[in-house]
Amino acid sequence: MALASAGHISFTGSSPAAGLCSCSSFSETSQVTAGECLIIGKSSVRASHWTSQSASRRSVQCNGIFSDLKGNLLSKFKGGKRESGTRKQPPIWPPPEDADESDQEDVTDEDVAPYVPEVNKDAELDESVLKEIASKGATEVRVVDVDKVFLTSQGEKKVVRGVSLRVEAGQLVALVGPSGSGKTTLLRMIAGLEPTSAGKVYFNDEDLTNVCVQDRDVGFMFQSYALFKHMTVAANVAYGLSTSKRKGTLTPGQIKKRVDDLLSLVQLSEYGERYPPQLSGGQRQRVALARALATEPRLLLLDEPFGALDVVVRQELRTWVKKLQKALNITTIFVTHDQDEALEMADYMVVFHRGRILQEGPPFEVYERPNSAFVMNFISDPNVIPATCLAVRRSGFRTTKPYVLVRPDDLTIFYEEKLDLPTTPATVIEVNNMGPEVLCEIKYDDDVTLEFNRQRYDFEEQPLEVGQRVHLQLKPLLLKAFSEEDLKA
Ligand SMILES: Nc1ncnc2c1ncn2[C@@H]1O[C@H](COP(=O)(O)OP(=O)(O)OP(=O)(O)O)[C@@H](O)[C@H]1O
């Protein structure tokens, strides 16, 4: 195991399979090679894992890091030298010229504690707490023909165009789409933070288009936590009660009970007297959720709620938030860049592009039956291959369009030719071990190449080597054909 006390790690590497990890407090630059997984923890409590896929595009600033270049360790910095109840400030990097070296933490094996999950996903939710918070029935939300035009120095800019959407009561709906496609603007119009330029917003058939944000009963949670640093966690959670319609309606005792209940719900009962900088990102986000729920909102709006969190915490919080949302039966709309997050969490998915809804439906349906090249590209990162190539012709797929999109997971690989199946021979030309996944590239004999990834477990069951001959089957029902214009749209 490589241990380092503090430093700046940067990754470089032209191949996505391997990267150079350099850290000023490593005694030397460490080579991160294919198949290895570097696990990085921050002294602010969290461990995250990194796969070599991100090597070429990420630079990570971290303190008190430790890493295991061989894989499965998930551990975190224990901070054993800290005085109890105080948080050690992360060391500044690079250190000032006159930095006292004794300030830097020496992380030893004893400092590395077993990984503790962010939340207990199996914890029973207190029924009485749930009942109190979920006292209102779930709300249906409808937006009808909504436009948003911003006035900019270049003139009018229409960023939401004739959007209509119905969110069923109690549903968890994900708005996905590329940056700038209008997701946040729509969320803000639903919240009442932004007026609509045209169209209507209804909650349960009540027209709220011109109702101000305070009177819409909406809870928000943003990527940036937006907690007040100089207020305790408990005061942050109580804050919403003092600014909403409920101001003055609760006694101090009732407020304390509500805050205690909410902190228990987000598993932070012990943290009420701490300040936000003394919490990890995941904990801060749970405080933000408790604060959003404090006013018993009819609707929860989450804008990139896990965007600032590392991969491990994000994954845990996704499952937990979904469970909580269902238990509270609160209609929730969330914006995310992360297709996997939307596919995993949402009951219903809405794909945005250039201010319009391109497709909506249950995630599985959107994934299985994308209605455009854009949606298919955005959701599943497919291969684009010529419709005339051998692999497509052999599969029995017929089209007059020039391109076929093949999702990486829609390929079946055989080691030997199958006489009863329309397979096509190809050669493995690259195998990149990306930690949890293995990315492979194959080349058909007519020079068409395809990329696909496999979960590491599957790959271990069916390994592939560079130069190996394989036979691949493309399933015609899963192929989609598109014109050049479709691909550019
Ligand atoms: N107040 C504003 N004035 C002018 N233009 C704005 C304003 N707010 C947003 N925009 C523009 O509206 C477009 C849509 O922005 P929006 O934030 O809704 O997109 P998004 O899909 O949520 O993107 P991201 O995922 O990056 O947040 C962008 O081009 C943005 O620059």
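What you are looking at is a predicted structure, and each value in this text was computed from that prediction instead of being measured.

**Considerations on the overall build of the protein**
No. 1: A tally of helices and strands in the protein yields 12 helices and 28 strands.
No. 2: Looking at the protein residue by residue over its 489 residues, the buried ones come to 38%.
No. 3: The contacts of the protein with a sequence gap of at least 6 include a subset with a gap of at least 24, amounting to 68%.

**Some thoughts on helix α9 (residues 373-380)**
No. 1: The buried count for α9 comes to 6 of 8 residues, which makes it a mostly enclosed element.
No. 2: Turning to α9, its buried residues are Ala 373, Phe 374, Val 375, Met 376, Phe 378 and Ile 379.
No. 3: Just past α9, the residue Asp 381 takes up positive phi, approximately 50 degrees.

**Focus: the site of the ligand**
No. 1: Neighbouring the ligand are 14 residues, the closest being Phe 150, Val 159, Ser 179, Thr 184 and Thr 185.
No. 2: Secondary-structure elements contributing two or more residues to the shell around the ligand are β11 (141-152), β12 (155-167) and α2 (183-191).
No. 3: In terms of residue count, the dominant contributor to the shell around the ligand is α2 (3 residues).
No. 4: The class makeup of the residues in the shell around the ligand is 3 nonpolar, 9 polar and 2 charged.

**Some words on the packing of helix α4 (residues 252-265) against helix α5 (residues 281-294)**
No. 1: Running from N to C, α4 and α5 cross one another at 135 degrees; their axes reach a closest spacing of 9 Å. Put simply, α4 runs oblique to α5. Here the hand of the crossing between α4 and α5 comes out right-handed. For the pair α4 and α5, contact is made by Arg 258, Leu 262, Leu 263 and Leu 265 and by Ala 290, Leu 293 and Ala 294, respectively.
No. 2: Grouping the amino acids of the contact of α4 with α5 by side-chain chemistry returns 6 nonpolar, no polar and 1 charged.

**Some details on the environment of Gly 361**
No. 1: Within the secondary structure, Gly 361 is located in strand β20 (residues 356-361).
No. 2: Along the primary structure Gly 361 and Leu 472 are separated by 111 residues, whereas in three dimensions their C-alpha atoms are 31 Å apart.
No. 3: When neighbours within four sequence positions are excluded, Gly 361 is seen to be in contact with Tyr 348, Met 349 and Val 366.

**Points about the confidence of the model for the protein**
No. 1: When the pLDDT values of the protein are averaged, the result is 75; 71% of them are 70 or greater.
No. 2: At the level of chain-chain contacts, confidence expressed as ipTM amounts to 0.97, with global pTM at 0.71.

**Concerning the sheet that holds strand β16 (residues 218-222)**
No. 1: Strand order in the open sheet made by the 6 strands is β16-β17-β18-β13-β19-β20, with mixed pairing throughout. Strands at the two margins of the open sheet, each flanked by one partner only, are β16 and β20. Adjacent strand axes in the sheet meet at a mean angle of 15 degrees when their direction is disregarded.
No. 2: Pairing of strand β13 (residues 172-176) with strand β18 (residues 331-336), which is carried by 5 bridges, proceeds in the parallel orientation. Paired with Leu 172 across the bridge in β18 is Thr 332.

**What to know about the environment of Arg 318**
No. 1: Mapped onto the secondary structure, Arg 318 falls in helix α6 (residues 311-328).
No. 2: Sequence separation between Arg 318 and Glu 344 is 26 residues, and the spatial gap between their C-alpha atoms is 8.3 Å.
No. 3: Setting aside its immediate chain neighbours within four residues, Arg 318 contacts Phe 306, Glu 341, Glu 344 and Met 345.

**Brief notes about the nonpolar core**
No. 1: In this structure, Ala 174, Val 237 and Ala 290 are the most contacted members of the largest nonpolar core, which totals 93 residues.
No. 2: The residues that make up this core include at least three from each of domain 2 (127-374) and domain 3 (381-488).
No. 3: Residues contacting Val 237, with those up to four places away along its chain left out, are Val 259, Leu 262, Leu 263, Val 287, Ala 290, Arg 291 and Ala 294.

**Details of the pairing of β12**
No. 1: With 9 bridges connecting them, β11 and β12 associate as antiparallel partners. Its bridge partner lying in β12, Val 149 is registered against Lys 158.
No. 2: Between β11 and the antiparallel strand that follows it, β12, lie 2 residues.

**Some words on the sheet that holds strand β15 (residues 206-207)**
No. 1: The strand order across the open sheet built from 4 strands is β12-β11-β14-β15, with neighbouring strands paired in antiparallel fashion. If you trace the sheet from one side to the other, it starts and ends with β12 and β15, each paired once.
No. 2: Sheet topology places strand β14 (residues 198-203) next to β15; 2 bridges connect them, and they run antiparallel. Each bridged residue has a counterpart across the sheet, and for Tyr 202 the counterpart in β15 is Asp 207.
No. 3: Packing against the sheet, α2 makes contact with β11, β12 and β14, and its axis sits at approximately 115 degrees to β11.

**What to know about unusual backbone geometry**
No. 1: Located in the positive-phi region is Asp 145, a residue other than glycine, with phi close to 50 degrees.
No. 2: One non-glycine residue, Glu 296, adopts positive backbone phi at about 50 degrees.
No. 3: For Glu 296, the location among the structural elements is in the loop between α5 and β17 (299-303).

**What about α5?**
No. 1: With 14 residues, α5 should reach 20 Å at 1.5 Å per residue; the first-to-last C-alpha distance of 20 Å fits that figure.
No. 2: Extensive coverage of α5 is indicated by the burial of 14 of its 14 residues.
No. 3: Directly beyond the C-terminal end of α5, a positive phi value near 50 degrees is found at Glu 296.

**Side note on the environment of Gly 162**
No. 1: Relative to the elements of secondary structure, Gly 162 occurs in strand β12.
No. 2: For the pair Gly 162 and Arg 216, spaced 54 residues apart in the sequence, the C-alpha separation amounts to 22 Å.
No. 3: Not counting residues up to four positions away in its chain, the partners in contact with Gly 162 are Asp 145, Asp 147 and Arg 356.

Each value, and the rule that gives it
Residues numbered from 1 in each chain as written. Predicted model: local features only at pLDDT ≥ 70, side-chain atom pairs only at ≥ 80, totals over all residues. Helix = DSSP H or I, 4+ residues; strand = E, 2+ residues; numbered from the N terminus. Buried ≥ 20, exposed ≤ 12 C-beta atoms within 10 Å, placed from the backbone. Contact = placed C-beta atoms within 7 Å. Near = placed C-beta within 6 Å. Nonpolar A, V, L, I, M, F, W, Y, C, P; charged D, E, K, R; others polar. Axes fitted to C-alpha atoms, helices over the stretch in contact; angles between N-to-C directions. Parallel < 35°, antiparallel > 145°, perpendicular 65-115°, else oblique. Left-handed = near helix turned anticlockwise from the far one by under 90°. pLDDT = per-residue confidence, 0-100. Pairing = 2+ DSSP bridges. Core = buried A, V, L, I, M, F, W, Y, C linked by C-beta atoms within 7 Å. Domains from an automatic or database assignment. Expected span 1.5 Å × (residues − 1).

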